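# Structural overview
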Amino acid sequence: MAKPVLLAVDDDSDVLRAIERDLRSKYGAQYRVIASDSPEEALSLLKQLKVRNESVALLLADQRMPQMDGVAFLREAMQIFPDAKRALLTAYADTNAAISAINEANIHYFFMKPWDPPSEHLYPQLDDLLDDWGASYRPAFEGIRVLGTRWSPKSYELREFLARNRVPYQWIDVEISANDPETRRLLEYLGPEAASLPVVLFPDGTKLLEGVPAEVAQRVGLRTRAQTDFYDLAIVGGGPAGLAAAVYGASEGLHTVMIEKEAPGGQAGMSARIENYLGFPIGLSGGDLARRAVVQAQRFGVEILSPLEAVNIRIEGSYRFVKLADGNEISCHALMIATGVQWRRLEARGVDRLQGAGIYYGGGAADAFSFKGETIYVVGGANSAGQAAINFAKHAERVVIVVRGSSLSSSMSQYLIDQIKQTPNIQIWAHASVAEVHGETHLEEISFLCSNTNKIERVPASAMFIFIGALPRTDWLASVVERDERGFILTGPDLIREGQRPRGWPLERDPFLLETNIPGVFAVGDVRHGSVKRVASGVGEGSVAVQFIHQYLSKV
Ligand SMILES: Cc1cc2nc3c(=O)[nH]c(=O)nc-3n(C[C@H](O)[C@H](O)[C@H](O)COP(=O)(O)OP(=O)(O)OC[C@H]3O[C@@H](n4cnc5c(N)ncnc54)[C@H](O)[C@@H]3O)c2cc1C
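The following refers to the structure shown. (Residues numbered from 1 in each chain as written. Predicted model: local features only at pLDDT ≥ 70, side-chain atom pairs only at ≥ 80, totals over all residues. Heavy atoms only, no water.)

Here we take up the overall build of the protein chain. Looking only at helices and strands, the protein chain has 15 helices and 26 strands in total. Here the C-alpha radius of gyration of the protein chain, 31 Å, is well above what a compact globule of 556 residues would show, namely 24 Å. The C-alpha extent of the protein chain, read off along each of the three principal axes, is 105 × 65 × 40 Å. Taking all 556 residues of the protein chain together, 54% fall into the buried category. (Helix = DSSP H or I, 4+ residues; strand = E, 2+ residues; numbered from the N terminus. Rg over C-alpha atoms; globule rule 2.2 N^0.38 Å. Buried < 20%, exposed > 50% of the residue type's maximum accessible area, 1.4 Å probe, protein only.)

See the structure below:
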């Protein structure tokens, strides 16, 4: 943790050295002592400290300085660090001036030069001042700070990325906290750069303007470059299925890389509480499950590249090549596709324009806090919608689940329906669908078409979360891997038609259970045709597939 600063300013180098030495010898263990011979430089240093979110406990300035006297310096410094204790160093002749300065400029103390011995004339008084300061001192947040606005899609994307990758950060909404003096000061010292939102401030004082996830990923040490260009096993997709395959593959000695385009955890990472996963009787959050799995995979030496998207594959003899969005390519003997599914888009006027500004697909646990005390609309009637609604209800004033049908019973598990019934601030709006959304810069109203009355109802709204089913995004595999009409990947027995193996299949055996029409290329989890769309089944398939990979590799 950065130590709070004691700043001494004096243009007389002998006095400055003496005060620096005395401060350091008594307070150096707890505080960082900084000495400056120029009040102007000291002020600009204070602004830098403010941007870095550091704390200043004491400002000590000589009264007689040519460019700016001590009182003037302390007055300006007080604007930057209002809570710091302020003291003057004065000559005997300036005592009267110092006393009136104390009254006028809110100065806490003045010291007479020379202060020998410091044990009598300096330390007791400073101890008092610092005790006083320490009583109300709250250590500042030391991690990454993100400045942005709630309705900005770019800010949302960045926050979502940080949250899903479990990177701790402090969010400063520059609109909501516009009247907060600390935020105002921070924006002032950032100057014109404060307009390039989202601004990411790192603890070392560096910053990223208009920060995007890929740049932030590099700064926080997420790996996006492969260490080598060949692996035994490459896994595309870091959801439960991909993570399970990574853990089993690496623990059984395969040199394994996992490529994930957003954040490890996949859809499960967005689940507020998974209640049906074996071994967790009170459930666990998807974020927690993902964090544990990532640690486990890393322990076995899996290389995780994220955020990085796989955009193409090609086959050359026994080598399988994966082309990555950054232009690089890696090769492997066995390739596993575990890319899951992504949300289906809601077709209604205005939705695309306001996505990220009040309209969101899916919804992570972190989102709930942003809508504290407000009404949230959740569109969809499946388990994912139910879980999200229960989670949102902890913070929102009211949650409305909007479904086309007459109830939830046909689409949602009974245990969730029961929980919803017991949550008084969740309401079900049946027979309704989104017709249009309204708002200039962010969602303000939603028009619902009510199928039982055939009327449009327009309601005020600041947040709508969409959970209307999902589809695989497998177009990038289309020229190589066989898929069904909806894009799900065919594997094993599904590839055998009228007793015939898939066209071009070169081996004397049938495709293994989870193998695609290309030997050595496997598909597991939600992306696979016919799979059960559940965490446990994804984990099961990812683990089982590794056994087939061993069999495949033994003959390569
Ligand atoms: C909100 C919510 C709650 C849920 N709750 C439960 C529950 O309580 N119990 C339960 O059993 N199931 C639940 N599910 C379903 C469960 O999460 C999924 O069945 C499971 O996550 C599927 O795992 P998967 O690994 O196959 O795919 P996914 O979890 O979809 O993971 C696929 C990963 O691949 C990545 N990816 C996609 N394309 C590429 C590419 N080209 N390059 C690199 N990476 C790529 C994606 O970013 C994603 O991280 C829930 C789902 C949601 C959305």
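Alright, that's what it looks like, and here's the rest.
A few words on helix H8 (residues 181-190). The complete set of buried residues in H8 reads Thr183, Arg185, Leu186, Tyr189 and Leu190. Seen from one end, H8 has its buried residues packed into an arc of 160 degrees, which puts them on one side. Looking at the buried side of H8, the elements it contacts are helix H2 (39-51), helix H3 (70-80), strand S6 (144-148), strand S7 (169-173), strand S8 (199-201) and strand S9 (207-208). (Arc of directions from axis to C-beta. Contact = heavy atoms within 4.5 Å.)

Taken together, 32 residues lie near the ligand, and Glu260, Gln267, Asn276, Gln387 and Asp526 sit nearest. Taking Pro240, its main chain carries an N or O atom lying 3.2 Å from an oxygen atom of the ligand. Here an oxygen atom of the ligand and a backbone polar atom of Arg534 are 3.2 Å apart. In the complex, 95% of the free accessible area of the ligand, which totals 1000 Å², lies under the protein chains. Secondary structure elements with two or more residues in the shell around the ligand: helix H10 (240-251) and helix H13 (383-392). (Near = heavy atom within 4 Å. Polar contact = N/O pair within 3.5 Å; in protein donor to acceptor, adjacent residues only side chain to side chain. Areas by Shrake-Rupley, 256 points an atom, 1.4 Å probe, with all protein chains shown as cover.)

Next up on the list: unusual backbone geometry. Each neighbour pair has its own omega, and for Lys113 with Pro114 the value is -10 degrees, a cis peptide bond. Here Pro114 is to be found in the loop between strand S5 (109-112) and helix H5 (118-121). Of the consecutive residues Leu197 and Pro198, the connecting peptide bond is found in the cis state with omega at -5 degrees. A positive phi is found at Glu210, a non-glycine position, where the angle reads about 45 degrees. Within the secondary structure layout, Glu210 lies in the loop between S9 and helix H9 (213-219).

Right, let's talk about a negative patch on the surface for a bit. Together, Asp11, Asp12, Asp37, Glu40, Glu41 and Glu76 make up a negatively charged patch on the protein surface. Tracing the chain through its elements places Glu41 in helix H2. Given a relative accessible area of 52%, Glu41 falls into the exposed group. (Patch = residues over 30% accessible without salt bridge, like charges linked within 9 Å, V, L, I, M, F, W, Y side chains within 5 Å. Salt bridge = Lys/Arg side-chain N within 4 Å of Asp/Glu carboxyl O. Lys, Arg positive; Asp, Glu negative; His and termini not counted. Charge placed at Lys NZ, Arg CZ, Asp CG, Glu CD.)

This paragraph deals with the side chain of Asn383. For Asn383, the location among the structural elements is in helix H13. Given the relative accessible area of 14%, Asn383 is considered buried. Apart from the residues lying within four places of it in its own chain, the contact partners of Asn383 are Ser411, Met412, Ser413, Leu416 and Arg534.

This brings us to the nonpolar core. Core analysis: the largest hydrophobic core is formed by 52 residues, its most contacted members being Leu346, Val351, Tyr377, Val434, Val437, Ile446 and Met464. It is H13 that provides the largest number of residues to this core, a total of five residues. With residues up to four places along the chain from it excluded, the contact list for Ile446 reads Tyr377, Val434, Glu436, Val437, His438, Glu457, Arg458, Val459, Ala461 and Met464. Listed in part, the 36 residues of the second largest apolar core include Val51, Met65, Val71 and Leu201. (Core = buried A, V, L, I, M, F, W, Y, C linked by side-chain atoms within 4.5 Å.)

On to the pairing of strand S2 (residues 32-36). By the bridge criterion, five bridges tie strand S1 (residues 5-9) to S2 in an arrangement that is parallel. Considered in S2, the bridge of Leu6 is made with Val33. In this view, the connection linking S1 to its parallel neighbour S2 by way of helix H1 (residues 13-27) has right-handed handedness. (Pairing = 2+ DSSP bridges. Right-handed = clockwise from strand over helix to strand, strands pointing away.)

Now for the packing of aromatic side chains. Centre distance and the angle of the planes are the two values used to describe a pair of aromatic rings. Scanning the entire structure with this criterion turns up 16 aromatic pairs. Between Tyr27 and Tyr123, the aromatic rings sit 5.9 Å apart at their centres with planes inclined by 85 degrees, giving edge-to-face as the arrangement. Pair noted here: Tyr27 is in helix H1 and Tyr123 is in helix H6 (residues 123-135), with a separation of 96 residues, a long-range link. A single burial state applies to Tyr27 and to Tyr123, both of which are buried. Residues Phe230 and Tyr319 carry aromatic rings whose centres are separated by 5.8 Å and whose planes lie at 75 degrees to one another, so their mutual orientation is edge-to-face. On the criterion of sequence distance, the pair formed by Phe230 in strand S10 (residues 230-236) and Tyr319 in strand S14 (residues 319-324) is long-range, its members being 89 residues apart. (Phe/Tyr/Trp six-rings, centres within 6.5 Å; stacked < 30°, edge-to-face > 60°.)

As far as function goes, none of this settles anything; it's purely spatial.
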